[in-house]
Amino acid sequence: MRLRRFLFWTAPLFSFLLFTPSPAPADPQDSILWYDAPASEWVEALPVGNGRMGAMVYGGTAEEIIQFNEDTLWRGEPTDYTHDGAAKFLPQIRQLLFEGKQKEAEDLAMKEFMSVPLRQEAYQPFADIRLDFPGHAEPSEYKRALDLNTAIASTRYVVDGVAFERETFISAPDQALIVHQAASRKGALTFKARLVSPHPDVNVRALDNQTLVLSGQLKPYENKRLGGMRPSRMRFEARLRIQAEGGTVRATEEGFEIDKADAVTFILVAATDFKRYDDLTGDPAARCAAYLQAVAGKAFPALRRAHIADHQSLFNRVSIDLGRTDAAKRPTNVRIKTFGQQPDPSLVGLYLQYGRYLLITSSRPGAQPANLQGIWNDQINPAWDSKYTVNINTEMNYWIAEPANLAECHEPLFDMLDDVAETGAKTAKVHYGLDGWVLHHNTDLWRGTAPINHSNHGIWPTGGAWLCQHLWERYRFSGDRDFLESRAYPLMKGVAEFFVGYLVKDPRTGYLVSGPSNSPELGGLVMGPTMDHQIIRALFHSVIDASRILDRDAALREKLQTLLPQIAPNQVGQHGQLQEWMEDKDDPNNQHRHVSHLWGLHPGNEIGPRRTPTLARACAVTLAHRGDGGTGWSKAWKINFWARLLDGDHAYKMLVEQIAKNTLPNMFGTHPPFQIDGNFGGANGVIEMLLQSQNDEIDFLPALPQALPRGRVAGLRARGGFEVVMEWEAGQLQGARILSQRGELCRIRADHPYTVTCEGRPVEISWSSEHQLTFPTQKGRAYHLKPQR
């Protein structure tokens with residue numbers, strides 16, 4: 001120990017000069033997706049967005065399709081999903097389950113306990129912009145691309161010696177979709193533009209010679225699963241304005257006819273009558289008019305500059321360089337298909353940055369949170385309604401928000417929690433007779449919180465508790481006491497109060513258990529699934545810690561401390577596996593996509609190879625049983641699991657599986673057909689390989705795979721209020737820079753000595769354990785670490 005202290009203090013004064021990493025951009029090509037042919041289907045098109053609006057750009061030549069969405073266009077109407085009288089059947093359902101009568105319990109719950117109506121509503125497509133170019137069917141020199149650094153989708157090609165270029169983006173500052181068409185020869189642009197919607201009875205008209213209006217109202221529809229008609233009445237409107245340089249423009253009911261223009265810019269705005277989940281009194285026409293008025297007089301270069309500056313204020317916070325090979329010179333779809341067959345480390349960096357890009361473009365303050373498809377959907381009846389599935393998928397969407405330096409993008413999720421706490425308070429009363437609030441395994445725009453679909457998987461009451469972990473994680477990363485006090489703690493407290501009343505004693509073991517519930521989405525309705533207990537323990541711990549920090553609710557804190565040791569613990573079963581249920585009945589041949597009972601390993605932190613080695617080994621056994629297959633989000637979760645088990649090579653194996661087998665040509669993740677959570681979960685898995693801090697210590701390269709022997713990453717965040725830059729070579733950390741954003745004590749996982757300097761001066765360190773060094777920090781200062789081997 002004394003020798004280690006001596007090494008720190010005797011380090012040369014200017015050792016910081018040997019390694020002073022600072023944020024710097026990686027190769028610009030590492031942030032570009034590109035292709036040598038137009039998209040032939042929606043899952044090949046390229047996504048752009050501003051959080052509220054999203055669009056898919058096909059990059060066509062004879063016909064360009066730009067399919068767009070607005071995040072509040074949903075089927076349905078304000079709905080109270082609760083089932084009157086449900087609570088009086090709760091004791092009977094529990095008793096049946098304790099007696100082993102699962103089918104009888106599920107049948108009773110289906111009849112008396114489920115949501116009314118039984119299913120929630122679906123996110124909707126809005127419309128398309130269609131551009132028709134006569135004579136452009138056979139271009140040469142074709143290339144389309146998505147530049148993640150600028151959030152601009154571009155299409156370039158040549159026809160008859162004329163170069164054509166089209167750029168498409170959705171501006172957050174100007175709340176508009178922008179399409180700019182240019183040509184290398186003056187007067188070369190002759191084409192038509194129109195608006196097309198998949199919804200019936202939509203009206204398209206020319207407001208003036210520069211503006212098209214598309215307006216409509218969603219109609220009642222037949223729900224074939226439930227039988228009968230469902231109400232739907234949302235009003236919506238989009239306006240498309242044209243700015244032409246040279247030539248002539250004529251507006252008709254069919255669209256715009258452009259003749260011999262030099263360049264053309266389209267500005268599209270869209271809105272609905274949605275104000276909040278229980279209020280549809282907005283005026284979409286007035287909103288569209290206001291959006292267009294706000295951009296009046298702005299030329300394309302100004303719109304483009306404002307958009308890029310806004311986007312880069314978020315995107316440029318993180319850079320990553322993992323090296324480049326010749327594989328990086330190929331089109332992105334080819335790289336995806338052949339990933340793992342030859343080295344292509346920069347594709348890993350692109351994959352991480354694409355995840356960050358998707359969160360920036362689908363989740364901005366003031367917008368709805370990213371749903372199952374982010375913000376992009378072209379189907380009237382999308383898979384799983386493209387809503388919010390909160391037994392893994394919605395949470396996975398936001399795993400990267402804090403560590404990937406996109407805290408602002410977390411805000412829409414917190415706004416949704418404010419809403420479901422309101423609707424969930426009624427569900428807690430009506431379905432359970434309890435205080436606090438509850439959210440089951442799905443919600444939608446109307447903030448349904450009651451159990452939906454079927455009792456064998458829909459009765460899962462820990463959705464709100466899991467989502468509250470995101471509030472606590474925001475505090476752990478930021479140390480923002482005001483956020484904790486005013487925003488996070490009231491929500492966390494409310495869901496904890498629900499579980500104080502919800503837990504019930506298991507007559508067989510005497511433990512407190514959760515139920516009726518299920519282990520998503522396997523095994524049917526049960527009492528005491530392992531995942532529930534892990535989530536509830538994490539919730540109670542976070543509420544206890546928060547109440548101490550805020551010096552509030554001592555009685556509640558004492559109650560939670562009393563309940564914690566009574567909750568059924570994690571158990572190792574007969575096969576050496578972590579048990580999924582109270583009973584030791586796991587099937588080692590079951591390769592179901594969910595591995596819900598490993599929640600305590602990730603995203604929780606009550607299990608880990610250093611803290612709880614026996615339970616960690618049991619998690620590895622469970623993962624071996626479940627196998628390396630699964631859907632996109634399932635493989636993404638497994639990347640994170642293996643990284644938490646400190647097995648970087650297996651984590652990387654899962655990343656190869658994820659990219660090569662569960663990633664579409666445009667780099668969207670599959671479920672199938674498309675589900676965005678795999679992108680976010682996979683990106684977070686890359687971060688977990690490079691940096692972990694869940695145990696309140698910064699762990700550099702905890703699960704670095706052999707396939708990534710060298711690299712540099714800047715801008716990732718660690719819990720405690722730290723931002724990290726680090727570089728490694730031959731699998732070994734060469735140095736790191738830690739920016740202290742809160743002035744907290746910094747703890748580093750260390751298996752060998754380091755020198756630590758700040759502004760060229762040695763920093764006094766101490767060893768709090770054999771493998772953890774600590775040093776004090778000052779807010780706003782950077783600390784340079786260099787290993788001494």
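Because the structure is predicted, anything quoted here is derived from the model rather than measured.

Looking only at helices and strands, one finds 17 helices and 36 strands in the protein. The C-alpha radius of gyration of the protein comes to 27 Å, within 12% of the 28 Å expected for a compact globule of 789 residues. Here the C-alpha coordinates of the protein stretch approximately 80 × 75 × 50 Å along the principal axes. The proportion of buried residues among the 789 residues of the protein is 63%. Look at the contacts in the protein between residues 6 or more apart in sequence, and 69% of them connect residues 24 or more apart. Total accessible area on the protein stands at roughly 27800 Å², and carbon and sulfur atoms take up 48% of it. Positive and negative charge centroids in the protein, built from 85 and 92 side chains respectively, lie 3 Å apart.

Cis geometry marks the peptide bond from P520 to E521; its omega dihedral reads -20 degrees. Along the polypeptide, E521 turns up in the loop between β24 (517-519) and β25 (522-526). The step from H602 to P603 runs through a cis peptide bond, and the omega angle for that step is 10 degrees. Relative to the helices and strands, P603 is located in the loop between α13 (554-563) and α14 (613-626). Positioned with a positive phi, D160 is a non-glycine residue whose angle comes to about 55 degrees. Within the chain, N453 stands out as a residue other than glycine whose phi angle is a positive 70 degrees.

Further remarks concern the environment of K653. Looking at where K653 falls in the secondary structure, it is placed in helix α16 (residues 648-661). Between the C-alpha atoms of K653 and I639, which are 14 residues apart in sequence, the distance is 8.2 Å.

In this section: the confidence of the model for the protein. Here the protein averages 95 in pLDDT, and 97% of its residues register 70 or above. pLDDT under 50 marks residues 1-25. Its contacts with residues more than four places away, or in other chains, come to 52 contacts.

On to the sheet that holds strand β6 (residues 140-147). Backbone hydrogen bonds are what pair the strands of a sheet, in a parallel or an antiparallel way. Spatially, β1-β6-β7-β8-β9-β18-β15-β12-β11 is the arrangement adopted by the 9 strands of the open sheet, whose pairing is antiparallel. This sheet does not close on itself; its edge strands, each paired only once, are β1 (32-35) and β11 (203-208). With direction set aside, neighbouring strand axes in the sheet form an average angle of 15 degrees. In the sheet, strand β15 (residues 235-245) pairs with strand β18 (residues 263-272) via 10 bridges, with the strands oriented antiparallel. For A244, the partnering residue across the bridge sits in β18 and is V264. Helix α5 (residues 300-315) rests against β7 (152-159), β8 (162-171), β9 (176-183), β15 and β18 of the sheet, and its axis sits at about 50 degrees to β8.

Here we come to the packing of helix α2 (residues 90-98) against helix α3 (residues 102-112). α3 packs onto α2 with a crossing angle of 160 degrees between their chain directions and a minimal axis gap of 7 Å. Taken together, the axes of α2 and α3 are roughly antiparallel relative to one another. Every pair of crossing elements has a handedness; the one defined by α2 and α3 is left-handed. Two secondary-structure elements touch here, α2 through Q92, I93, L96 and L97 and α3 through Q102, E104, A105, L108 and A109. Here the residues of the contact of α2 with α3 sort into 6 nonpolar, 2 polar and 1 charged.

Enumeration according to the criterion identifies 30 aromatic pairs in this entry. Here the aromatic residues F113, Y432, F498, F499 and Y502 are joined through ring pairs into a cluster of three or more. For K585, the ring lying beneath its charged end belongs to W581, and the centroid distance is 5.1 Å.

Taken together, 3 strands build an open sheet; the order of strands is β31-β35-β34 and the sheet is antiparallel. Of all strands in the sheet, those bounded by a partner on one side alone are β31 (746-749) and β34 (766-769). Averaged over all pairs of adjacent strands, the angle between strand axes in this sheet comes to 35 degrees, irrespective of strand direction. Where β31 lies against strand β35 (residues 772-775), 4 bridges are found, and the strand directions are antiparallel. Within β35, the position partnered with C746 by the bridge is F775.

With that settled, consider the pairing of strand β32 (residues 754-758). When you tally the buried positions in β32, you get 5 out of 5 residues, the bulk of the element. Every second residue of β32 is oriented toward a common face, with Y754, V756 and C758 on one face and T755 and T757 on the other, all of them buried. Pairing analysis gives 4 bridges linking β32 to strand β36 (residues 782-787), with the strands arranged antiparallel. Pairing of Y754 across the sheet is with P787, part of β36. In terms of strand pairing, β32 meets strand β33 (residues 761-762) through 2 bridges, oriented antiparallel. Bridge assignment links T757 to a residue of β33, and that residue is P762. Between the antiparallel neighbours β32 and β33 lie 2 residues, among them E759 with a positive phi of about 55 degrees.

Further remarks concern the nonpolar core. Soluble, globular proteins show a tendency: their nonpolar side chains are buried together. Counting 225 residues, the largest nonpolar core has F68, L177, F266, F540, F700, M726 and F775 as its most contacted members. No other element matches the 11 residues that helix α11 (residues 481-502) contributes to this core. Among all residues touching F540, those that are not within four sequence positions of it are A496, F499, V500, L503, L560, L563, L564 and I567. Listed in part, the 13 residues of the second largest apolar core include A271, L292, V295 and F300.

Here we take up helix α9 (residues 411-432). Across its 22 residues, α9 extends 30 Å between first and last C-alpha, which sits within 8% of the 32 Å expected from 1.5 Å per residue. Burial analysis of α9 places 16 of its 22 residues in the buried class, which makes it a mostly covered element. In the stretch just after α9, G433 is the one whose phi turns positive, near 65 degrees.

Parameters and conventions
Residues numbered from 1 in each chain as written. Predicted model: local features only at pLDDT ≥ 70, side-chain atom pairs only at ≥ 80, totals over all residues. Heavy atoms only, no water. Helix = DSSP H or I, 4+ residues; strand = E, 2+ residues; numbered from the N terminus. Rg over C-alpha atoms; globule rule 2.2 N^0.38 Å. Buried < 20%, exposed > 50% of the residue type's maximum accessible area, 1.4 Å probe, protein only. Contact = heavy atoms within 4.5 Å. Areas by Shrake-Rupley, 256 points an atom, 1.4 Å probe, with all protein chains shown as cover. Lys, Arg positive; Asp, Glu negative; His and termini not counted. Charge placed at Lys NZ, Arg CZ, Asp CG, Glu CD. pLDDT = per-residue confidence, 0-100. Pairing = 2+ DSSP bridges. Axes fitted to C-alpha atoms, helices over the stretch in contact; angles between N-to-C directions. Parallel < 35°, antiparallel > 145°, perpendicular 65-115°, else oblique. Left-handed = near helix turned anticlockwise from the far one by under 90°. Nonpolar A, V, L, I, M, F, W, Y, C, P; charged D, E, K, R; others polar. Phe/Tyr/Trp six-rings, centres within 6.5 Å; stacked < 30°, edge-to-face > 60°. Lys NZ or Arg CZ within 6 Å of the ring centre and 35° of its normal. Core = buried A, V, L, I, M, F, W, Y, C linked by side-chain atoms within 4.5 Å. Expected span 1.5 Å × (residues − 1).

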